[in-house]
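# Structural features, examined
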Amino acid sequence: MNNYSIDDWLHANFDVRPVSSSDELTICCPFCSNDTKYHMYVSTVKPVAYCHKCGWAGGYIKLIQEHTGTESYAEAFRQLTKPTVNINDYQTVVQQLRQRKLEPIKLTEMPEWYVPFIPDSMLQVKPNVPNAKLALRYALKRLSIDEIVHYGIGYCDDVNHQLALRLIIPIERGYYQARAINTHSRQKYINPTFEIEDRLFNAQALTQYKHIFITEGAISAIAVGMDAVATLGANGATALQRKRLVRSKVERFTIIVEPEAVAHRKAIELADYLAGYGKRITLRLYRSGDPADEGIFVDKPYSMAMKLGSV
Ligand SMILES: [Zn+2]
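Residues numbered from 1 in each chain as written. Predicted model: local features only at pLDDT ≥ 70, side-chain atom pairs only at ≥ 80, totals over all residues. Heavy atoms only, no water.

## Describing the coordination of the zinc ion
Under perfect tetrahedral coordination by four donors, a metal shows angles of 109.5 degrees; under perfect octahedral coordination by six donors, it shows angles of 90 or 180 degrees. Here the zinc ion is held by the protein donor atoms Cys 29 (SG), Cys 32 (SG), Cys 51 (SG) and Cys 54 (SG), which lie 2.2 to 2.3 Å from it. In this structure, the zinc ion is coordinated by four donor atoms arranged in tetrahedral fashion, with angles at the metal of 105 to 117 degrees. Judged by its relative accessible area of 0%, Cys 51 is buried. (Donors = N, O, S within 2.8 Å, 3.2 Å for Na, K, Ca; no water. Tetrahedral: all angles 85-135°; square planar, octahedral: opposite > 155°, others 65-115°. Buried < 20%, exposed > 50% of the residue type's maximum accessible area, 1.4 Å probe, protein only.)

Structural data, given as structure tokens:
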């Protein structure tokens, strides 16, 4: 049983949430009468599942048999091992893309293995190469087709490359982020080994809008809209990114602050810097979640008083 992926079966049948720094995935238990809090834990390394609410316990096959109502072991096993991306869905997506005639943003200097999800390249995808379909399936859960094409979201065409099972998010001048599509992958993002310098995700927005939103992650920026850029760094904006933001004609910035304390400190530093050059600043403070999952936030105009501890 080496070819199965419980991960794929779960994603095809449930809303799946990974457990951070664990090899487990959680789902709302299908055997509890109304579990809405993801009580069932499914290991991705051992074929076992357990519900912390109703106590249901069993292996993958039992889970599939009871969820689908089949008593056949062979049928359950087929579900576990069948190709998980529905090729019909894939063709439908390609069709939709072709009808839309969308133009992707201009991208330069991307590595040779990078292929964007634009209609022409998607038609060349070989059905027996799983990378593209897995990456596209992952992308479609979070982004619209228009967004995927507009931002040049793509995949790694080389199955032997370390970035093969990742969604490739192009940034600028050869820089990219490679996001894991396996929810239990250790490293969520892999970036190139060279410095990001002044590169920003969706930097073209700086020339198109007077009011810009700043997020840390690219997926968050996409969720916010075409007027959002992302700095991508876990360490906040780089000095060169800050200078670029200041030199732009943008008059107003809204800095998206996700709930972790460290994000808050970095946002204040960036707000200070930009405000010092006369930019109008708003902090969008997320109480829970983030832009991509429609989290809850409040907007606060930035002032020095906030820096002194009243946030
Ligand atoms: Zn249960």
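## As for the side chain of His 11
Within the secondary structure layout, His 11 lies in helix α1 (residues 6-13). There is a polar contact of 2.9 Å between the side chain of His 11 and the backbone oxygen of Asp 7. (Helix = DSSP H or I, 4+ residues; strand = E, 2+ residues; numbered from the N terminus. Polar contact = N/O pair within 3.5 Å; in protein donor to acceptor, adjacent residues only side chain to side chain.)

## What to know about the state of the cysteines
This model, assessed by the stated rule, comprises zero disulfides. Free of any disulfide, Cys 28 has its nearest neighbouring cysteine sulfur in Cys 29, separated by 8.9 Å. (Disulfide = S-S within 2.5 Å.)

## Details of the packing of helix α2 (residues 60-68) against helix α3 (residues 73-81)
Direction vectors running N to C along α2 and α3 enclose 105 degrees, while the axes themselves pass 9 Å from each other. Comparing their axes, α3 and α2 come out roughly perpendicular. Here α2 contributes Tyr 60, Ile 61, Ile 64, Gln 65 and Thr 68 to the contact with α3, which in turn contributes Tyr 73, Ala 76, Phe 77, Gln 79 and Leu 80. Each residue belonging to the contact of α2 with α3 can be placed in one class, and the counts come to seven nonpolar, three polar and no charged. (Axes fitted to C-alpha atoms, helices over the stretch in contact; angles between N-to-C directions. Parallel < 35°, antiparallel > 145°, perpendicular 65-115°, else oblique. Contact = heavy atoms within 4.5 Å. Nonpolar A, V, L, I, M, F, W, Y, C, P; charged D, E, K, R; others polar.)

## Thoughts on the confidence of the model for the protein chain
Mean pLDDT over the protein chain stands at 84; residues scoring 70 or higher make up 84%. Mean pLDDT across the elements of the protein chain ranges from a minimum in helix α11 (residues 304-310), with 58, to a maximum in helix α9 (residues 239-247), with 97. (pLDDT = per-residue confidence, 0-100.)

## Here's the deal with the sheet that holds strand β10 (residues 189-190)
The five strands are arranged β6-β7-β8-β9-β10 in an open sheet whose pairing can be described as antiparallel. In this open sheet, the two edge strands, each paired with only one partner strand, are β6 (114-116) and β10. Here two bridges tie strand β9 (residues 176-180) to β10, and the two strands are oriented antiparallel to one another. Each residue of the ladder has a partner; that of Ala 178, found in β10, is Ile 190. (Pairing = 2+ DSSP bridges.)

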